[in-house]
Amino acid sequence: MARSAASTRGILLSVAYDGRPFAGFARQRDQRTVAGELLGALRAIDPAIREIRGASRTDAGVHARDQRVAFDTAAPLPPRGWVLATARHLPDEIVIRRAAVVRVGYSPRFESLRKRYRYLILRDLVRDPFLSRRAWRVEGLTDDAIERARAEALAAKGTHDFAAFRTSADERTTTVRTLYGVELSLDPADPRLVRIDVEGNAFLHNMVRILVGTLMDVARGHLAPGAIARALASRDRRDAGITAPPDGLYLEHIHLRDDGQDPWPSGPSDGSSADDAAPEGAPAADDAGARPEAGAGA
């Protein structure tokens, strides 16, 4: 007997993954992707699931602690069941950390109010095998160099045209974005690790990685201070710095307008306070603007 359309509902997931073995989040022909593995695991529970809708198409090698994914199903499984039942069908590099009920057709891409990325930089003379492809090792990052990068980051905050901070493959006509914060700090548990936290309403393709590369170029003296301001003014990619590798980039959290009902485990997907609201007046936006486009990784 066919399932009743009235029994169909949406499920919203928070998914964490180690991006090293994958060719990015979005499904690709003849490539191992996060979305492909995730869809296969979900279909092992409900073969009728047709598609999954992700909030951000992270690039090959990019990691996530709170990717948001939604799908529609008529399977009578509570959120707890989706978290636990799919675990045995997923590879070790992917885990569903939370599930909640949402409306049918819910797309987290268009419910996004802001996103937070973290980039990890290892300042060490030798490589660390435990951080291989999980952090970008950059030599010569003295305390003074970090202070130069911290001062440079101030120019990126606010609403600007970030046309200079995207790849040539990004063909979107609207390149104005708002960054609420670009903060540099040392990991209190490991002072070798420099954390660059970037939070904004939306991002262009490789925007965070180019921004981080520019900060490191200024820190190491490869670019004169003021490079970010010059690139923002010129809108010319050549005025910005290098593109940092994907290794150290993590999608930390996506703040959604509707975070779902009856979540398991209970609470926000990233463990923050439930009162963590979007900045006043923040528009709903996604990495691709008004509608999905290819190549939206930050």
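Everything numeric in this text was worked out from a predicted model, so none of it was measured.

K.L.:
What is the right way to read the nonpolar core from this model?
P.N.:
Grouped burial of nonpolar side chains is what soluble globular proteins tend to show. Formed by 71 residues in total, the largest nonpolar core has its most connected members in I121, F165, I196 and M216. For this core, the element with the most residues is helix α4 (residues 207-219), which contributes eight residues. In this view, M216 contacts I121, W136, V138, L141, A149 and I196; residues no more than four positions away in its chain are not counted. In terms of nonpolar packing, the next biggest core, distinct from the first, is built from six residues, L120, L122, L131 and A135 among them.

K.L.:
Please explain unusual backbone geometry as it appears in this structure.
P.N.:
Trans peptide bonds make up the majority, and among non-glycine residues the majority have a negative phi. For the bond from W264 to P265, the omega torsion is -10°, close enough to zero to count as cis. Structurally, P265 is set in the segment after β11 (261-264). One non-glycine residue with positive phi stands out, namely N206, at about 70°. At R235, a residue that is not glycine, the phi angle is positive and equals roughly 60°. Secondary-structure assignment places R235 in the loop between α5 (227-234) and β10 (249-256). Here R235 falls in the partly exposed class, since its relative accessible area comes to 43%.

K.L.:
Would you mind showing me how to read the layout of surface pockets here?
P.N.:
Rolled over the atoms, a probe with the dimensions of a water molecule shows which regions are left empty. What the second largest pocket holds in volume is close to 190 Å³. Taken together, 11 residues line the second largest pocket, and the ones lying closest to its centre are F25, I52, R53, G54 and R57. Across the lining of the second largest pocket, the residue classes break down as five nonpolar, two polar and four charged.

K.L.:
Explain the packing of aromatic side chains to me, please; I cannot follow it from the model alone.
P.N.:
Each aromatic ring pair is specified by the distance between its two centres and by the angle formed by the two planes. Under the definition given, this model contains five aromatic pairs. On the basis of an interplanar angle of 25° and a centroid distance of 6.3 Å, the ring pair of Y17 and F25 is categorised as stacked. Take Y17 and F25: they sit in the same class, and that class is buried. Between Y117 and F203, the aromatic rings sit 5.0 Å apart at their centres with planes inclined by 80°, giving edge-to-face as the arrangement. Of this pair, Y117 sits in strand β5 (residues 112-122) while F203 sits in the loop between β9 (190-200) and α4, placing them 86 residues apart in sequence. A cation over a ring is seen here: R80 above W264, with NZ or CZ 5.5 Å from the ring centre.

K.L.:
Would you mind showing me how to read α5 here?
P.N.:
Each full turn of the α-helix corresponds to 3.6 residues, which orients residues three or four apart in the same direction. Every buried residue of α5 is listed here: A227, I228, A231 and L232. Buried residues of α5 fall within an arc of 130° about the axis and therefore sit on the same side. Residues of α5 that are buried make contact with α3 (143-153), β7 (158-161) and α4. Backbone geometry just downstream of α5 places R235 in the positive-phi region, at approximately 60°.

K.L.:
Looking at this structure, how should I read the environment of R235?
P.N.:
Put simply, R235 and D161 are 74 residues apart on the chain and 7.2 Å apart in space, counted from C-alpha to C-alpha. Excluding residues within four positions of it along the chain, R235 makes contact with D161, A163, A164 and T175. A distance of 2.6 Å separates the side chain of R235 from the side chain of D161, its partner in a polar contact.

Calculation criteria
- Residues numbered from 1 in each chain as written.
- Predicted model: local features only at pLDDT ≥ 70, side-chain atom pairs only at ≥ 80, totals over all residues.
- Heavy atoms only, no water.
- Core = buried A, V, L, I, M, F, W, Y, C linked by side-chain atoms within 4.5 Å.
- Buried < 20%, exposed > 50% of the residue type's maximum accessible area, 1.4 Å probe, protein only.
- Helix = DSSP H or I, 4+ residues; strand = E, 2+ residues; numbered from the N terminus.
- Contact = heavy atoms within 4.5 Å.
- 1 Å grid on protein atoms, 1.4 Å probe; cavity = no way out; pocket = protein on both sides within 12 Å on 5 of 7 lines; lining within 4 Å.
- Points joined across faces, edges and corners; volume = space filled by probe spheres on them.
- Nonpolar A, V, L, I, M, F, W, Y, C, P; charged D, E, K, R; others polar.
- Phe/Tyr/Trp six-rings, centres within 6.5 Å; stacked < 30°, edge-to-face > 60°.
- Lys NZ or Arg CZ within 6 Å of the ring centre and 35° of its normal.
- Arc of directions from axis to C-beta.
- Polar contact = N/O pair within 3.5 Å; in protein donor to acceptor, adjacent residues only side chain to side chain.

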